Amino acid sequence: MISTMPARPVLAGDAHLPLYRRLCITIAGRIADGHWRPGDMIPSETDLARIYDVAPGTVRKAIETLATDGLIERRHGRGTFVRRSNFDHYMTRFFLFRDASGSELDPESRILSRQVVSGPAPVVSALGLPDGSDLIHLVRHRYWEDAPRLLEDIYLPLHRFGPILTCDIEEIGPLLYPAYERLCGELVCFMEEEITIVPASAQDAAVLGLHSADLIVAIDRWAKDAARQPIEWRRSRGETGRFRYKVKVE
């Protein structure tokens, strides 16, 4: 009987890329497909070098790159772990609401509708999906002091987020990204945003208590998995008088 050695895992990515970049893509892919979840410890640098048949220096550079990107974190004396990104209250950094005493208010989130749609072409393109792909469309409003102040249209690939469509609304809860992970096994690791000032549609103006064509802030967001594949596209709209932007560079 002839015994065979198990084949070594093949590095992902184009063969023309540097080995460390291909190892980055490979590790990110394992995180994106759920092989390693947030909080899991990934193999040591020595083990990764052996598993993928690359030099220790290649592994070290890949780990440094992934740590800089925020996908993993090193814990002194313990190892390297998949990092859990926290975007729970990310949008509220743009819109400030305070009560009469000046204390900042947390919004209440309400999902008004969930339905399957044949994705609008710009949204399908933004998600990198084939033309005509089915999407889940969520309409969500965020309320401050019982008034809708932030309006959101959220689109998700149906084939990845089916449970969001069929579960009880209470199972989703006030924060979507933890629900994506809990119900669908989908992890948001990165995001990209674009902010514009646009005239309010008649429908948005009515909900926000504005005049038609008043200017509002529109924030388009691409939420991405560990492999940087867009898995959610949303457009959020709110009144310009509540908008703020603050950045700190050190």
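As the structure is a computational prediction, the values presented were derived from the model and not from experiment. Within each chain, residue numbers correspond to sequence positions counted from 1 in written order. Thresholds applied to this predicted model are a pLDDT of at least 70 for local features of residues and 80 or more for the giving and counting of side-chain atom pairs; totals over whole chains, interfaces and linings are not thresholded and use all residues. To get the side-chain values, take all heavy atoms of the structure and skip hydrogens and water.

(A) Summary view of the environment of Tyr 155. Structurally, Tyr 155 is set in strand E5 (residues 147-157). Only protein chains enter the accessibility calculation, which uses a 1.4 Å probe. A residue is then buried if its area is under 20% of the maximum for its type, exposed if over 50%, and partly exposed in between. By relative accessible area, Tyr 155 is classed as buried at 11%. Whether two residues are in contact is decided by their heavy atoms: any pair within 4.5 Å suffices. Setting aside chain neighbours within four positions, we find Tyr 155 in contact with Val 117, Pro 120, Val 123, Leu 127, Leu 135, Ile 136, His 137, Ile 231, Glu 232 and Trp 233. Only DSSP runs of H or I covering at least 4 residues are called helices, and only runs of E covering at least 2 are called strands; the numbering of each starts at the N terminus.

(B) The nonpolar core, seen in detail. The criterion is simple. A nonpolar core is a set of buried Ala, Val, Leu, Ile, Met, Phe, Trp, Tyr and Cys residues joined through side-chain atoms within 4.5 Å. Formed by 24 residues in total, the largest nonpolar core has its most connected members in Leu 23, Ile 27, Ile 31 and Leu 71. Those elements that provide at least two residues to this core are helix H1 (19-32), helix H2 (45-52) and helix H3 (56-69). Examining the composition of this core, we find that 6 residues originate from one element, H1, more than from any other. Residue ranges for the domains originate in an automatic or database domain assignment. When residues of this core are sorted by domain, at least three fall in each of domain 1 (19-82) and domain 2 (87-242).

(C) Highlighting the pattern of salt bridges. Salt bridge, as applied in this entry: a Lys or Arg side-chain nitrogen positioned within 4 Å of an Asp or Glu carboxyl oxygen. In the structure shown here, the tally under the stated rule is 22 salt bridges. The residue Arg 228 makes a salt bridge to Asp 69 at a minimum N-O spacing of 3.5 Å. Separated by 159 residues along the polypeptide, Arg 228 in the loop between strand E7 (215-224) and strand E8 (230-239) and Asp 69 in helix H3 bring together distant segments of the chain. Note on Asp 69: relative accessible area 35%, which makes it partly exposed. With its nearest N and O atoms 3.2 Å apart, the salt bridge here joins Arg 234 to Glu 152. One end of the pair, Arg 234, is in strand E8; the other, Glu 152, is in strand E5, and 82 residues separate them in sequence. One connected set of salt bridges, linked through shared partners, spans Arg 140, Arg 142, Glu 152, Glu 232 and Arg 234.

(D) Region of the structure containing the sheet that holds E8. The criterion for strand pairing is that DSSP finds at least two bridges linking the strands in question. Overall, antiparallel pairing links the 6 strands, which are arranged E3-E4-E5-E8-E7-E6 in an open sheet. At either end of the open sheet lies a strand with only one pairing partner, and these are strand E3 (108-118) and strand E6 (190-199). When the angles between neighbouring strand axes are averaged without regard to direction, this sheet yields 15 degrees. Relative to E8, E5 is paired through 6 bridges, and the arrangement is antiparallel. Within the sheet, the bridge partner assigned to Tyr 155 lies in E8 and is Trp 233. Note on definitions: angles span 0 to 180 degrees between N-to-C directions of axes, and those axes are lines fitted to C-alpha atoms, for helices only across the stretch in contact.

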